[in-house]
Amino acid sequence: MSDAKYFTTTKKGEIFELKSELNSDKKEKRREAVKKVIASMTVGKDVSALFPDVINCMQTDNLELKKLVYLYLINYAKTQPDLAILAVNTFVKDCDDPNPLIRALAVRTMGCIRVDKITEYLCDPLRKCLKDEDPYVRKTAAVCVAKLYDINPTLAEDQGFLDALKDLLSDSNPMVVANAVAALGEINETSPHPIIDMNTVMVNKLLTALNECTEWGQVFILDCVANYSPTDEREAQGICERVSPRLAHANAAVVLSAVKVLMKLMEMLPSDSDFVVALSKKLAPPLVTLLSAEPEIQYVALRNINLIVQKKPDILQHEMKVFFVKYNDPIYVKLEKLDIMIRLASPANIAQVLAELKEYATEVDIDFVRKAVRAIGRCAIKVEQSAERCVSTLLDLIQTKVNYVVQEAIVVIKDIFRKYPNKYESIISTLCENLDTLDEPDAKASMIWIIGEYAERIENANELLESFLEGFADENTQVQLQLLTGIVKLFLKRPTDTQELVQKVLTLATQESDNPDLRDRGYIYWRLLSTDPVIAKQVVLAEKPLISEETDCLEPTLLDELCCHIGTLASVYHKPPTAFIEGRTAVTRKSLPARVPSLNGGSPSFDASTPGQRQQTVIPNQDSLIGDLLSLDFGSPSGPQSSYAMGSMPPPMTTAGQDLLGADLDSLIGGGSSDLSGHSAGGSGGYGGGGYGGGGGLADLVGFGGSSSGGPSLAAGNTGLLGDIFGIAPVSAYSVPKQVWLNPGQGKGLEVQGSFSRKNRQVTMELTLTNRALQGMSDFDVRLNKNSFGLTPASPLNVRSPLPPNQSTEASLPLNITADIAKQNPLTNLQVALKNNIGVHYFACLIPMHVLFVEDGLMEKGVFLATWKDISSDNEKQFDIHTSLTDADAISNKLQANNIFTVTKLATDGRQLMYLSVKMTIGIWILCELKLNAIASGHTLALKSRVPDIYLGIVEAFQGILLA
Amino acid sequence: MWRAEWMWRAERQVALSSLHCTNKKIQKALISRIAMLHSFFIVNASGDVFLEKHWKSVIHRNICEYFFEAQKKYRRLDEIPPIIHTPHHYLIIVHRSNLFYIGVVNKECPPLFCIEIMHRIVDIFEDYFGDSKEATIKEHFVVVYELLDEMLDNGYPLATESNILKELIKPPSFLRALQNTVTGSSNVSSILPTGQLSNVPWRRAGVKYTNNEAYFDVIEEIDAIVDKSGSIVSAEIQGYIDSVMKLSGIPDLSLTFMNARIFDDVSFHPCVRIKRWESDRMLSFIPPDGHFRLMSYHIGSSNLVPLPIYIRHNIQFKTGASGRVDITVGLKQTMGRPVEDVKVDIPMPKSCINCSLTPTQGKFSYDTVSKVGTWEVGRIDPQKLPNIRGTVQLISGSDTPESNPTLGLHFKVEQVAMSGLRVNRLDILGEKYKPFKGVKYLTKAGLFQVRT
């Protein structure tokens, strides 16, 4: 009697057999057949051929059969849209059924069928269902509005469904309210403008529904409330009071969403008030309870607790024990627990923590053991009182002689030495005993550092270092560098007997290595030592700054932002939601609310949205190199803001005339245009890409001519030659020459040339349409497929119509940015459909990325600095840019005309460094560092962004702008 | 390459309307980003996707390749992190009874929500079919589909209460199958469940029993870590009160405890009125019908958690070839109750070839694949403490194992809740009958580990 039998048939004529069964007279047989069809569908077989036969079974009183047919329909309607229409009648009929279950089922299924024709018929039944007397139907209809919006947003809006949905927020039934909130939430995400206004009234309404609706509805409502910023403290406190009972819910998702609301609102309240203290106490137990749930839940909870502990360490400070690792925890839970243990470590509990860590260091799992050993080192650095105990624990571990434990221990001991200089050097001899076992570069480098740093106390330091030197060539760069520095230190401390050694290492580094870093460092030491050993001593043996106590903490602005996203994927990955490329639709960065200033004072809380304040907070704790370099220039005004440059500017735009005049003029104007002519002749490699290639030189020249005569984008470039030579031409935005996108052969006589430019803060598509057919063309219209940047036409295509044969016309089509995004490959790919009276023509083109740079892309220096640090260095990529421009101002102006803004400039040792910021329409920021080489014509561009996918396009844009 | 669907009129309006709103400064997103379960796959241990369900558009099952790739990186199946990032989607993975349930979301979402709902789905499977093995799911796939369809709509949970679902879709039983074949009726109800939209959505209306009964099981699990020397590193109690309600009509119950202040944290079934708990420390609720978990609670290390059992051990490995094991189990605080079903898991080092341990009581078995020895002790007699001893053979020449094994301990103590929790009384309002009431207590080991 089981359903398993449906899976078994795999005979040849299966489809045929099913077909005849589906058309059988017997009800019973038909039902069995549908079940078999569904079974085949389940295991991934294609049974779409049976579509008409299955649809035939739809008219039935048997609810089970009806459901199965609907299931089939949802899966296959898309492939058979014309046949799916057959089902509409049944749907419409079912929507009037006296049984609410059937009404709901019909409207629900219709929403799942993503076929336009069906969608049109959905409107009327849906409107009726939204006002249905039965709440079950209403709540199903609420969800259906979200489905409809997903398929066809305009239709949903035009038909007034959004307003109807908003009305449901005031429904008498809490379940309906919850679903309406969920649906609105989803719509709001894709919609280009806000759907509902959150205000006090709305929040009160939602909080009332909160108590009565299902657990899932509670999650929706809490997530919604989390985005509301109360007007004053009293309101915030009121919301906290109404939300806090949710902490006792059995559903982990409800608990975490409640925690999010409370964490956010607590920021608004004075942190020393009784209310906040009591609330903080309430937060700990539910978080602890989450850790006794399933491992998956534990993992998500731990990732979030990690954030909470960094933001408010006091909440969980007494709960250390729950983070102790159990033997059979999955590894991902173990590693998270370990991380939190270190964050919670304090003088009060350090003894316990250390005992645990020592226990973990003898476990089986190597990754975990390593992390445990590292954790001991971090404890030593964090809690000064424990340093001694940590060191002795580490020594015990070294005695075990387990290879990876020893190596890991040596790495952390190096940090301990730096944190507490001249305190634990007595253990060096023990470390030295393990020299032979070291085989990892990290451990080796650390050991060498220690020997070099304390060379005066290690009698046989020279012998030890010499032993490392034997295999110098085979070592990892890190070890080589460390060895070089170590031996130089040794020499400076004991010059008498190490002269030979230092000579040897300097020779190795400068003459026998092809690593530029090593060579350069070797030369620096060499010159230092040969010029003035005293100064060398001051430089090499200088006092080192102490290392900070807390390592790998999140940057505060990011932490604040993540605290607003507790319980989401962002909080699991510890990345801002903007880093999730799929969901990047015009996201506003959230930050914790600033406390409303009140009479009783209290410390002002940190608000990321005020850049001035942020700058103050970020600059003082700079320690990275880039930060140091940048801060040299702080206070000086950034580059000129206007897009017109007064200085000497190489010609920004070459007209066809110049090219025709040839090399003489080129040499007058400078290298820039000769580069360009080379480029246009051959379609130079780096800049080539799909659309840029172009054919012969002549075609390109013609293309230039065409665009310069008609393309408004070149209007600025049309200034006379003389002007160009004297460099007084206005700096105009770069635009790519028009390319042939559609040739007459494919376009049934229509030829399309096109390019993109940015005009009036809008992306514009410039088109030249040429009619190569024998008859006139009319009724032009253009559509863009979903693309990576959400570009859609802002207005209909305005073309002279009809277009007589052998004539061409210019059209410029402004484009809008919408939230409707589908990632393309390559990213800049844009698929266009152009319609005329002859037919629809499809072609693809590439969007040059610079048209997507927006005008407010100048980043505050402080923000720039913080963001630069914040983005992982994995995301940093370097590229070579070829251009003849070497003057920083000229480059800056040229880039600025294209919305690439100079944040600051620096000159060091004849090399110019420029820091640039770019903001794209989709809200992505790109930070750039441009290193100018004075001599060579190539510059180095380093890019940093949270979305590395776009780098290629950015580099192309830079290249194009600087070459033009 | 690309199938375009042209909605000329409609799209132009979108374009126009969005043009309109770029003029107003876009003020965005007051409501959060809610995106729910998009698709759902079930994968067995050998890597076959044997069931898929899509609540929105269809995502090809190839998406599971990312999961298989991740799986290769880890040695043990259950070590795959529960969230995997793919270029366009996120996979959220729940591992239960040797099956992987993979939820797919394509946008930012609360992952706990997805994890909870997937666990709930499996719970419902188990509730319906007794277990959630691959064969069982395949056997009932029609019901499975009906359930998945009923539980979520467009990725939003719709009906997840077992009580409601069972009214909509009858659980399979032999008798019903027979009846369906004979009468041609189906196991899908065509009437809307009554409870679904009332103020007590968890309870169906019109419940009627000839014998009215209310049972409560107070179950406490002790999680503990005991270190080498026998002192307690951490100990906590995870407690549950599971109930079986067979009560007619709409009873309004209130349950009080003798010592309600001992809880560190509590979480309740949605039926419990939290206000009453906060003011009077009593559980006031209209129960669902049948089985459900009324509350769960946590008693942390701050309170003293008594451990009913201790272990004396002497485990030594010598370089070269062998090791010695000697373990004795003894009783500590048992509140005068016998400790039963005692079991000790002894994980052996990787280099272990065989072990010959002889228990004075119960039996010992050794699994050569997982390298875990299991000693089933049974009941502990306080007069004669059970002991196991013997030698362990290691691969000769292998290094001495760096660490001694962590022993896992299992036991149960009937009729007592170790925390001392006692139910005081149960009152019933709103109905006239006097139900039969029963409370059972049970303490058992949760994750109870002894380091050696």
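Residues numbered from 1 in each chain as written. Chains lettered and ligands numbered in written order. Predicted model: local features only at pLDDT ≥ 70, side-chain atom pairs only at ≥ 80, totals over all residues. Heavy atoms only, no water.

Per an unreviewed UniProt entry, the recorded name for chain B is AP-3 complex subunit mu-1, and the organism is Hypsibius exemplaris. The Sequence similarities (unreviewed entry) field of the UniProt record for chain B holds the comment "Belongs to the adaptor complexes medium subunit family." (UniProt positions renumbered as here; feature names shortened; annotations may be inferred.)

The name recorded for chain A in an unreviewed UniProt entry is AP complex subunit beta, from Hypsibius exemplaris. UniProt's Subcellular location (unreviewed entry) comment on chain A is quoted here verbatim: "Endomembrane system".

1. A closer look at the sheet that holds strand S12 (residues 282-285) of chain B
The strands that make up a sheet are held in pairs by hydrogen bonds between backbone atoms, and each pair lies either parallel or antiparallel. Residue and element names in this part refer to chain B. The strand order across the open sheet built from three strands is S12-S10-S22, with neighbouring strands paired in antiparallel fashion. Looking at strand neighbours, the two that pair on one side only are S12 and strand S22 (423-429), the edges of this open sheet. Neighbour to neighbour, the strand axes of the sheet diverge by 15° on average, direction disregarded. Two elements, strand S10 (residues 252-257) and S12, share four bridges in a ladder whose sense is antiparallel. If you follow Ser 254 over to S12, its bridge partner there is Ser 284. (Pairing = 2+ DSSP bridges. Helix = DSSP H or I, 4+ residues; strand = E, 2+ residues; numbered from the N terminus. Axes fitted to C-alpha atoms, helices over the stretch in contact; angles between N-to-C directions.)

2. Thoughts on the side chain of Arg203(B)
Residues and elements named next belong to chain B. With respect to the element layout, Arg 203 can be found in the loop between helix H7 (174-183) and strand S8 (213-226). Salt bridges are absent for the buried Arg 203, whose nearest opposite-charge side chain, Asp 289, sits at 4.7 Å. Polar contacts involving the side chain of Arg 203 include one to the main-chain carbonyl oxygen of Gly 249, which spans 2.9 Å. Here the side chain of Arg 203 touches Pro 287 through a polar contact of 2.7 Å, landing on its backbone oxygen. (Buried < 20%, exposed > 50% of the residue type's maximum accessible area, 1.4 Å probe, protein only. Lys, Arg positive; Asp, Glu negative; His and termini not counted. Salt bridge = Lys/Arg side-chain N within 4 Å of Asp/Glu carboxyl O. Polar contact = N/O pair within 3.5 Å; in protein donor to acceptor, adjacent residues only side chain to side chain.)

3. A word on helix H19 (residues 331-344) of chain A
With 14 residues, H19(A) ought to run about 20 Å at 1.5 Å a step, and its terminal C-alpha atoms sit 20 Å apart, in line with that. Most of H19(A) sits out of view: 13 of its 14 residues are buried. (Expected span 1.5 Å × (residues − 1).)

4. Quick word on the packing of aromatic side chains
Counted by the stated rule, this structure contains 30 aromatic pairs over all chains. Judged by centre distance (6.3 Å) and plane angle (85°), the rings of Trp868(A) and Tyr915(A) are edge-to-face. Of this pair, Trp868(A) sits in helix H41 (residues 861-870) while Tyr915(A) sits in strand S11 (residues 911-919); the two residues are 47 residues apart in sequence, bridging distant segments of the chain. What makes Tyr915(A) buried here is its relative accessible area of 0%. Ring geometry for Phe268(B) versus Trp277(B): centroids 5.4 Å apart, planes at 65°, classification edge-to-face. Over the ring of Phe368(A) we find Lys334(A), and its NZ or CZ is 5.2 Å from the ring centre. Here Lys166(B) stacks its cationic end above the ring of Tyr128(B), 6.0 Å away from the centre of that ring. (Phe/Tyr/Trp six-rings, centres within 6.5 Å; stacked < 30°, edge-to-face > 60°. Lys NZ or Arg CZ within 6 Å of the ring centre and 35° of its normal.)

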